[in-house]
Amino acid sequence: MRSKLNSLPIACEIAVLAGVYFIAGKLGLALAFLHPSATAVWLGSGIALAAFLVLGYRVWPGIFLGAFLVNITTAGSMGTSIGIAMGNTLEGLVGAYLVNRNANGRQAFERPQDIFKFAALAGMVSTTVSATFGVTSLSLGGYANWSDYSSIWLTWWLGDAAGDLVVAPLLVLWSANPRLRWTREQILEVTLLLLFLLLISQAVFGELSSTLVNSYPLAYFCVPILVWTAFRFSQRETATATFLLSGIATWGTLLGFGPFARETPNESLLFLQSFMGSTALMAMAFSAVVTERKRAEETHARLAAIVESSDDAIISKRLDGIVTSWNKGAERIFGYAAEEITGKPVAALIPADRQNEGPAIIERLKRGERILHYETVRRRKDGKNIDVSLTISPIKDVKGRIIGASKIARDITERKRAEAAVRESETRFRVMADTAPVLIWMSGPDALWTFFNKPWLEFTGRTLDQELGNGWAEDVHHEDRERCLEIYRSAFDARKEFKMEYRLRRTDGEYRWILNIGGPRYEWDGAFAGYIGSCIDITEDKRVADEIRRLNVELEQRVFERTAQVEASNKELESFSYSVSHDLRAPLRSIDGFSLALLEDCADKLDAKGKDYLRRVRDATQRMARLIDDLLNLARVTREGMRRERVDLSALARSISADLKKTQPDRKVTFAIADGVVANGDAHLLRVALENLLGNAWKFTSRRPRTRIEFGVARQNGTSAYFVRDDGAGFDMTYAGKLFGAFQRLHSNQEFEGTGIGLATVKRVIRRHGGHVWAESAMGKGATFYFTLQPSEGKRHIGATG
């Protein structure tokens, strides 16, 4: 129930719970004989208690809603229905709270003591809440006589109590373990168990019982089948068998059969529910005892297996020293088989010079002491002595009296040899460390420093005792001390290497810069032993580094000053450029305006040759103006800083094409601009590049009656590139190397000299964006300019959505 309902939203859980409670309530009230709202068979109490234990207190609206609907559709008023619903809800909440707090919650059926607590708290105490609320509400509302209060209350309470004892365990246990993992033999046994349950139920509560009920106590025949279930299966199956027996017994009793049939149906059900409640309690408690026994046996078997498979010797003996148990590890360590040593004194393992250890250990055990890691020597069967570590604990009987001892012996001979080798190595290490040209130190597993070599002590002028522990920190400069200790402690806790620089006081009082490098060290068996480190004097290195930093600062300052000077010069140059461009444009505009005025005013007086001269003058002045603009753009691209942002190149191209169309509205030019072309770069600089490329396409196709200019994205040499394409006369590819200087375009068999400044500007913009630009053309077939841009932050800079 828990796994399925918990996967639903809370509203669905409440709705499902209300529906289940409503159906169970209607079934229960169908057996209400004393009063329409009081029945001795009430499944709802068990459903509510299980819901609160499994799903939590949050589902209380489902119980309240279900109880209200049951009662409002049965008998009573709105007020009495609300009162009864409140009682039913509070009963489940109180029962769940008491069980969670005092009886191990959902695990209440794991231990006998918790089952009895469950029966007392949920089955007897919490059920008084619903009975009291319900009967009082009916009596106050005039739907029940006060004279019948006690009989109605007893029926109500007993029905709820039986529901808690029979129904709640069934739902809680199945929700905790809903899957069946029976073997084939268990399935057969369950089938036989159900068959016997039906036969016994029929014998006790069926027609056959009517001839025997007065002669024999047939009700007790139900107990063996429940005991069988509890002994062979778990609490879940026991609760299921109890529930099935209760259902069959209720049906037979209502038909007038069985040992609990009385004059009235309500009286019969009261007797039956008392029997089923006590039977359910007995069966569940017995099942818990059996389960605990099985767990204890499994634990004992596991412990026995652990003892037998242990590499350590595990021995038990009496207080007089007689061996009572002997595992495989003891056979391997001491050489005696179990049958050789069991029943004999353990003194056979103790060397002659240590015979006094046995009585001393026994005396400590008699005082209840536990002996841990006692290192001594024991004798093997072959006469060899071995080093062992003993852990000895007293063995007590059920009354707490010490009756023997349990001993674990571990062979530490190899460890002792390794420790001796380590000690010898440490001695050699100390000799070598004292002759080393660096300062060497060691610390123990408690982080305190335990060794300093001779050069260290000579450097600081202090004794070894003064430096041990954390005394060495007194020689560290007070500005560096806390930082150094924090670095050391952090590395020590993480078992990592560390490196730190600090000032250490020399014997003459001068503080010298020290580089200290340390790392963890381990014993032969892998146990953490502390840290080891070495120090070198880096005072001269620090002085050189400081001098280099000073020079770098001076260099950066000079670079900054020079940059400022260059920027100031650039600003002056820019101001001068604009002034010059203004002075140059003024006469050009005058000449262009004068030529245009002559063409307009004297059109009828000038011959074709004169008009052609005036047009050439206008073309020359306009070319000069464009030359000035191109020079200014080229200078601006060189000087300006660049920022990267997402730029809509399609929108820029449409804006530029619209401006071009305004200059010659009568030209028949089709602009095919792809949608969704974007890039990462400087919007202003990219506009300058597109203005030059689209402007060239517009300018060098002016003599064609119809022209098509395209902008978009294409694949070139395995990569995506932006392109501007026209269908003009094109240019000779032998000049491809000069495309971005002075290059030639062919128009109607006439050669045109371009300045190349516009394309030089394009080239500089594209290179500032980390890209490349190139062109393709063929005589009479137009020209295509390609360019790429470097991606920003690893993202693609080319994209087209349409």
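Notes on the structure follow. (Residues numbered from 1 in each chain as written. Predicted model: local features only at pLDDT ≥ 70, side-chain atom pairs only at ≥ 80, totals over all residues. Heavy atoms only, no water.)

### Focus on the overall build of the chain
Here is step 1: Each helix and strand counted, the chain has 24 helices and 19 strands in total.
Here is step 2: Long-range contacts, defined here as pairs at least 24 residues apart, represent 60% of the contacts in the chain between residues at least 6 apart.
Here is step 3: When the accessible surface of the chain is summed, it comes to about 42500 Å², and 57% of that surface belongs to carbon and sulfur atoms. (Helix = DSSP H or I, 4+ residues; strand = E, 2+ residues; numbered from the N terminus. Contact = heavy atoms within 4.5 Å. Areas by Shrake-Rupley, 256 points an atom, 1.4 Å probe, with all protein chains shown as cover.)

### Some points on the environment of F118
Here is step 1: As for its position among the elements, F118 is in helix 6 (residues 112-140).
Here is step 2: F118 sits 20 residues away from L98 along the chain, and the two C-alpha atoms are 8.3 Å apart.
Here is step 3: Other than its neighbours up to four places away in sequence, F118 contacts L49, L53, V99, A103, A108, F109, G123, D164, L165, A168 and P169.

### Things to note about the pattern of salt bridges
Here is step 1: Counted according to the given criterion, the structure contains 41 salt bridges.
Here is step 2: Ionic pairing is found between D546 and R549, a salt bridge with its closest N-O pair at 2.0 Å. Taken together, the positions of D546 and R549, both in helix 20 (residues 539-601) and three residues apart, correspond to about one turn of that helix.
Here is step 3: Accessibility expressed as a relative area gives 40% for D546, which makes it partly exposed.
Here is step 4: Relative accessible area serves as the criterion here: at 45%, R549 is assigned to the partly exposed category.
Here is step 5: Residue E691 pairs with R687 through a salt bridge whose shortest N-O separation is 3.2 Å. Here the residue E691 and the residue R687 both occupy positions in helix 23 (residues 683-699), the gap between them amounting to four residues, near one helical turn.
Here is step 6: One salt-bridge network, held together by shared partners, links R462, E467, E474, D475 and R505. (Salt bridge = Lys/Arg side-chain N within 4 Å of Asp/Glu carboxyl O. Buried < 20%, exposed > 50% of the residue type's maximum accessible area, 1.4 Å probe, protein only.)

### Here we look at the packing of aromatic side chains
Here is step 1: As enumerated under the stated definition, the model contains 29 aromatic pairs in all.
Here is step 2: Measuring from centroid to centroid gives 5.9 Å for F429 and F451, while their planes differ by 55°, and the two rings are tilted. You can see F429 sitting in helix 16 (residues 413-434) and its partner F451 sitting in strand 7 (residues 449-452), a full 22 residues away along the chain.
Here is step 3: For F429, a relative accessible area of 24% gives the class partly exposed.
Here is step 4: With a relative accessible area of 5%, F451 lands in the buried category.
Here is step 5: Members of the aromatic cluster, each reached through a chain of ring pairs, are W441, W449, F452, W456, Y488, F492, F498, Y522, F528 and Y531.
Here is step 6: For K542, the ring lying beneath its charged end belongs to W513, and the centroid distance is 4.4 Å.
Here is step 7: Over the face of the ring belonging to F723 we find R725, whose NZ or CZ atom lies 4.3 Å from the ring centre. (Phe/Tyr/Trp six-rings, centres within 6.5 Å; stacked < 30°, edge-to-face > 60°. Lys NZ or Arg CZ within 6 Å of the ring centre and 35° of its normal.)

### Concerning the nonpolar core
Here is step 1: L49, L53, V99, F109 and F118 are the most contacted members of the largest nonpolar core, which has 39 residues in total.
Here is step 2: Secondary structure elements with two or more residues in this core: helix 2 (10-29), helix 3 (44-55), helix 4 (60-72), helix 5 (78-102), helix 6, helix 7 (149-176) and helix 12 (265-309).
Here is step 3: Per-element accounting of this core gives the leading share, nine residues, to helix 3.
Here is step 4: With residues near it in sequence (within four places) discarded, F109 still touches I115, F118, P169, V172, L173, Q235, M284 and A288.
Here is step 5: I673, L685, L690 and V762 belong to the second largest nonpolar core, which has 34 residues in total. (Core = buried A, V, L, I, M, F, W, Y, C linked by side-chain atoms within 4.5 Å.)

### Observations regarding the sheet that holds strand 10 (residues 528-537)
Here is step 1: Spatial ordering of the open sheet is given by 7-6-10-9-8, a layout of five strands whose pairing is antiparallel. Of all strands in the sheet, those with a lone pairing partner are strand 7 and strand 8 (498-505), marking the two edges. Put simply, the sheet's adjacent strands are angled 25° from each other on average, direction ignored.
Here is step 2: Direction of pairing for strand 6 (residues 439-443) relative to strand 10: antiparallel, over a ladder of five bridges. Residue pairing in the sheet places I440 in a bridge with S534 of strand 10. (Pairing = 2+ DSSP bridges. Axes fitted to C-alpha atoms, helices over the stretch in contact; angles between N-to-C directions.)

### Structural notes on the side chain of S37
Here is step 1: Residue placement: S37 occurs in the loop between helix 2 and helix 3.
Here is step 2: For S37, the contacting residues outside a window of four places in its chain are L29, N71, A75, L138 and W156.

### A few points about helix 8 (residues 184-205)
Here is step 1: With 22 residues, helix 8 extends 31 Å between its outermost C-alpha atoms, agreeing within 8% with the 32 Å of an ideal straight helix rising 1.5 Å per residue.
Here is step 2: E189, V190, L193, L197, S201, V204 and F205 are the residues of helix 8 that are buried. Around the axis of helix 8, the buried residues are gathered within 105° of arc, so they sit on the same side. Set apart from the buried face of helix 8 by more than 90 degrees, the exposed residues are R184, E185, L188, L198 and L199. (Expected span 1.5 Å × (residues − 1). Arc of directions from axis to C-beta.)

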